[in-house]
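In case you want the letters, here they are:
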Amino acid sequence: MTYPDTRRDDVVETLHGHAIADPYRWLEDPDSAETQDWVDRQNAFTQAELAGYPEREWFQTTLSAILARPRAGVPAKKSGWYFVGRNDGTQAQDVVYVAESLEELVDSGRVLIDPNTLSADGTDSLGTFTVSPDGKYFAYGINESGSDWTTFRLLDIATGDPVEDVVTEAKFCEATWLPDGSSYLYLHYPTSGRSEGTETKTLSGGQLKLHRVGTPQSDDELVLVFPEDDRLFISPVVSDDDRYVVVHVNAGTDPASRLWVYPITSDGLGEPIKVVDELVDEIFFIRMSGDQLVLQTDRDASRGRVVLASLDGTFTDLIPEGPETLQAVRGTASGLATITLVDAQPVLTLYALDGSGAQVVDVQGGGVLALNGSTKHDELFIGLSTTTDPTVSYVVSASTGAVRALPELVRGSGGYESPSVIVTRQVAGDVPYFLISRSDLDFSAPRPALLYGYGGFRISILADYKPGWPAWLAAGGVLAIANLRGGGEYGSAWHDAGRLKNKQQVFDDFIAVAEHLRDTGVTTPAQLAIHGRSNGGLLVGAAMTQRPDLFKVALPGVGVLDMLRFHLFTVGAAWASDFGHPDNPEQFEDLLAYSPLHRVQDGTAYPATLVVTGDHDDRVVPLHSHKFIAALQHAQSAAEPVLTRVEVNTGHGFGKPAAMIAAEWADLLAFAAHHVGLKTPEQTPEQ
């Protein structure tokens, strides 16, 4: 196959005694005319190849139908108002509705904001939203073209009218209101440059600032900054009794946290009380209990526990560590609600504030989308998903445990009907995974399969929903979702076993699951595709370059693929907690050993590969995907194609319009199906 021409330069630099060639470094500049021309030519080449795949039309039609289903999100009650996002199936972005009662919200509600009006192409999206304590203001963040950059604006909730107030150059935060309802905290990143999503320069440290509604942003008060360490992230929350601003301080993506408490005074904020001032343990503030703080932590508890903490940092067990993994904790009017994972499957439990009276609530789902509650009201909202259904929402009485499903939140019915599936739990050595298939499939012979994984940053991967899953399953494909070390499914020890010096064990786990699928006759290497996004894109890149013989198709999405330079762009340095730092000589050796870009060897037969990225991805910048696919195209010795698909005006994935989601999934799955031999129903009507 003759690929679009890609210039190779003689760039070589010596790093820790290694001569490292980087012939495609010029692709690191996303705005150069040469890079943009290269992207255009690669996209045209990919689309011409995909146009010849007979599977594409079926997947495009099916994915469009899946995304056209009417749907609703998980309700939230804030400052006396009820909110929910809805989509009638034709809208690029979900529309936010508001009501004064739950029944009014279920019945209809009133449109508060329609993000589809923010941009002509639907790529601007609504990020976080919060409500002022007096119920007057709706503070919402806008993310343009999928970028992480956020602009905050206000609406008057009662009238829906915009308020003349704007805050720009924010990231990784929401508007955190102080009790007076006239000011909020946010994390400001002065860019001294562009902030539309294509900037690649290293992100400087964030500044916690206080903005007063109606005043210029230039007058905002600096509350906290760490100029000596720009990897520190600051996350504030106001205590439920309005006495404190509780600040979490983390080094990048490391869960270990400091915990500082600022008393709220009539004059503003007092001096911080440093409850925990070492970055050792994971610590989250949940609520107050009298003069003590209720915290979630993994201190002396790999699976997590809930503690009472005094302001001097003394911890006392409230809900001790158990055999399950503590995933989330919320304060309720009656005490606490927890989500635990029992073998990577969620369980909701209610407790009194003293940790007694554990009551398991019967709500079913594979993944938890949201758990919305407050110490100020009895209603607790939980949203769950399965591999084939995006959202089932429930309202739970925190005092009695009574449950009510809320299917009426969805306005409209009909449309695509997901296939009936069977979900089983399998183990490959010590690596558990979910195996999902259509309930009527015949397993007398191996079948085409898709293996998905992530394995990092203590993120738990569950049997939850992605738009591509029901389409792949409906076509007769088998789906495997792996629980790899590095994730959070089994606590902090499971995470530690897959990061830094242990990162290779994540890839070993993924390979072990693939081999188990082969050895148990579920599939064969000639029928196996692998997929992952972000850190999961790294996973796919590492697996395919280490074991190209084991996979027929590789689908790395928005992946971290150049492990020697990831720290030099945008927020990349924050990931050193999981990856290690290339400037550290010992960690450099570990990174070089598995860096997908640097594992590519000329003359190797690699799987059919489709790399996907977005030109406005300012989290994992697209240069990773560009350089990797250029190296693969140069090295490929097999007939299988290696292609890239660069979406325009989208970022890392959040806020992508429905039509773009459908088109991307259709191309990924058609590419996989074509090369693993999965015949779509129109190709095999008897299936």
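Please read all numbers here as calculations on a predicted model, not as lab measurements. (Residues numbered from 1 in each chain as written. Predicted model: local features only at pLDDT ≥ 70, side-chain atom pairs only at ≥ 80, totals over all residues. Heavy atoms only, no water.)

**Focus on the environment of Thr524**
To be explicit about the condition: Helix numbering and strand numbering both begin at the N terminus, where a helix is a DSSP run of H or I of at least 4 residues and a strand a DSSP run of E of at least 2. A simple rule labels every residue: compare its accessible area, found with a 1.4 Å probe on the protein chains alone, to the largest value its type can have, and call it buried under 20%, exposed over 50%, or partly exposed in between.
Tracing the backbone shows Thr524 in the loop between α6 (504-519) and β37 (528-533). The exposure class assigned to Thr524 is partly exposed, which follows from its relative accessible area of 25%. It is 9.4 Å that separates the C-alpha atoms of Thr524 and Val676, two residues lying 152 residues apart in sequence.

**Considerations on the side chain of Arg458**
Cut-off, in case you're wondering: In protein, a polar contact requires one atom able to donate a hydrogen and another able to accept it; more generally it is a pair of N or O atoms within 3.5 Å, and residues adjacent in sequence count only if both atoms are side-chain atoms.
Inspection of the secondary structure puts Arg458 in the loop between β35 (449-452) and α4 (468-474). Residue classification places Arg458 among the buried positions, given a relative accessible area of 16%. A polar atom in the side chain of Arg458 sits 2.9 Å from the side chain of Asp298.

**Regarding the sheet that holds strand β29 (residues 367-372)**
The condition is simple: Strands were regarded as paired on the criterion that DSSP finds at least two bridges between them. In this description, a line fitted to the C-alpha atoms serves as the axis of each element, helices being fitted only across the stretch in contact, and the angle between N-to-C directions of two axes falls anywhere from 0 to 180 degrees.
With antiparallel pairing, four strands are arranged side by side in an open sheet as β29-β30-β31-β32. Two strands lie at the open edges of the sheet, namely β29 and β32 (403-405), each paired on one side alone. Recorded for the sheet is a direction-independent mean angle of 25 degrees between the axes of neighbouring strands.

**Quick look at the pattern of salt bridges**
Defined as follows: Here, a salt bridge means any side-chain nitrogen of Lys or Arg that lies within 4 Å of a carboxyl oxygen of Asp or Glu.
Throughout the structure, instances matching the rule amount to 41 salt bridges. Arg258 is paired through a salt bridge with Asp277; the nearest N and O atoms lie 4.0 Å apart. Of this pair, Arg258 sits in strand β18 (residues 257-265) while Asp277 sits in the loop between β20 (273-276) and β21 (283-289), and the two are 19 residues apart along the sequence. When its relative accessible area of 19% is taken as the criterion, Arg258 is described as buried. With a closest N to O distance of 3.0 Å, Arg645 and Glu647 form a salt bridge. In this pair, the class of Arg645 matches that of Glu647, namely buried. Through salt bridges with shared partners, a single network forms among Glu13, Asp22, Arg25, Glu28, Asp562, Arg565 and Lys627.

**Concerning helix α12 (residues 658-676)**
So the rule is basically this: By this rule the span expected of a helix is its residue count minus one, scaled by 1.5 Å.
The end-to-end C-alpha separation of α12 is 27 Å, in line with the 27 Å expected for 19 residues at 1.5 Å each. α12 sits mainly inside the fold: 15 of its 19 residues count as buried. Immediately beyond the C-terminal end of α12, within one or two residues, lies Gly677, with a positive phi of roughly 80 degrees.

**Quick word on the environment of Phe569**
The following threshold applies: The contact rule is simple, with two residues in contact once any of their heavy atoms fall within 4.5 Å.
If you trace the backbone, Phe569 turns up in the loop between β38 (553-557) and α8 (576-579). By relative accessible area, which is 8% here, Phe569 ends up buried. Leave out the neighbours within four places in its chain, and Phe569 touches Glu28, Thr200, Lys201, Thr202, Val621 and Leu623.

**Thoughts on the sheet that holds strand β22 (residues 292-297)**
Adjacent strands of a sheet pair through backbone hydrogen bonds, lying either parallel or antiparallel. Read from one edge to the other, the open sheet built from four strands follows the order β21-β22-β23-β24, with strand pairing classed as antiparallel. On the outer flanks of this sheet lie β21 and β24 (315-319), each paired with one strand and no other. Adjacent strand axes in the sheet meet at a mean angle of 35 degrees, parallel and antiparallel pairs treated alike.

**So, the nonpolar core**
Taken as a class, soluble globular proteins show a tendency for nonpolar side chains to be buried jointly. Using the following cut-off: Residue types Ala, Val, Leu, Ile, Met, Phe, Trp, Tyr and Cys, when buried and joined through side-chain atoms within 4.5 Å, form a set referred to as a nonpolar core.
Membership of the largest hydrophobic core comes to 144 residues, with the highest contact counts inside it found for Phe59, Trp472 and Phe579. With 11 residues, α12 is the largest single contributor of residues to this core. What Phe579 contacts, discounting residues up to four positions off in sequence, is Phe457, Leu500, Lys503, Asn535, Leu538, Val560, Met563, Phe566, Leu591 and Tyr594.

**So, unusual backbone geometry**
One non-glycine residue, Phe457, lies in positive phi territory at about 55 degrees. Tracing the sequence through the fold places Phe457 in the loop between β35 and α4. The buried category is assigned to Phe457, whose relative accessible area is 14%. Phi at Leu500 takes a positive value of approximately 55 degrees, unusual for a residue other than glycine. If you trace the backbone, Leu500 turns up in the loop between α5 (492-496) and α6. The class of Leu500 is partly exposed, set by a relative accessible area of 30%.

**Let's talk about the pairing of strand β14 (residues 207-212)**
In terms of residue burial, β14 counts as a mostly covered element, since five of its six residues are buried. Two strands pair when backbone bridges link them, and strand β13 (residues 183-188) and β14 are joined in this way by six bridges, in the antiparallel orientation. If you follow Leu187 over to β14, its bridge partner there is Leu208. Pairing between β14 and strand β15 (residues 221-224): three bridges, direction antiparallel.

**Let's talk about the packing of aromatic side chains**
Short version of the rule: Whether two aromatic rings pair depends on their centres lying within 6.5 Å, for rings of Phe, Tyr and Trp, where Trp uses its six-membered ring; planes under 30 degrees apart make the pair stacked, over 60 edge-to-face, and the rest tilted. Only Lys NZ and Arg CZ are tested; either one counts as a charge over a ring when it is within 6 Å of the ring centre and within 35 degrees of the ring normal.
Tallying each qualifying case throughout the model produces 23 aromatic pairs. Consider the rings of Trp177 and Tyr184, whose centres lie 5.2 Å apart with planes at 65 degrees: the pair is edge-to-face. On the accessibility criterion, Trp177 (6% relative accessible area) is buried. A ring pair is formed by Trp575 and Phe579, whose centres lie 6.4 Å apart and whose planes are at 75 degrees; its orientation type is edge-to-face. Of the two residues, Trp575 and Phe579, neither departs from the other in class, the shared state being buried. Geometry around Phe315 places Arg299 over its ring, the cationic atom sitting 4.1 Å from the centre. Taking NZ or CZ as reference, Arg425 lies 4.0 Å from the ring centre of Phe434, over its face.

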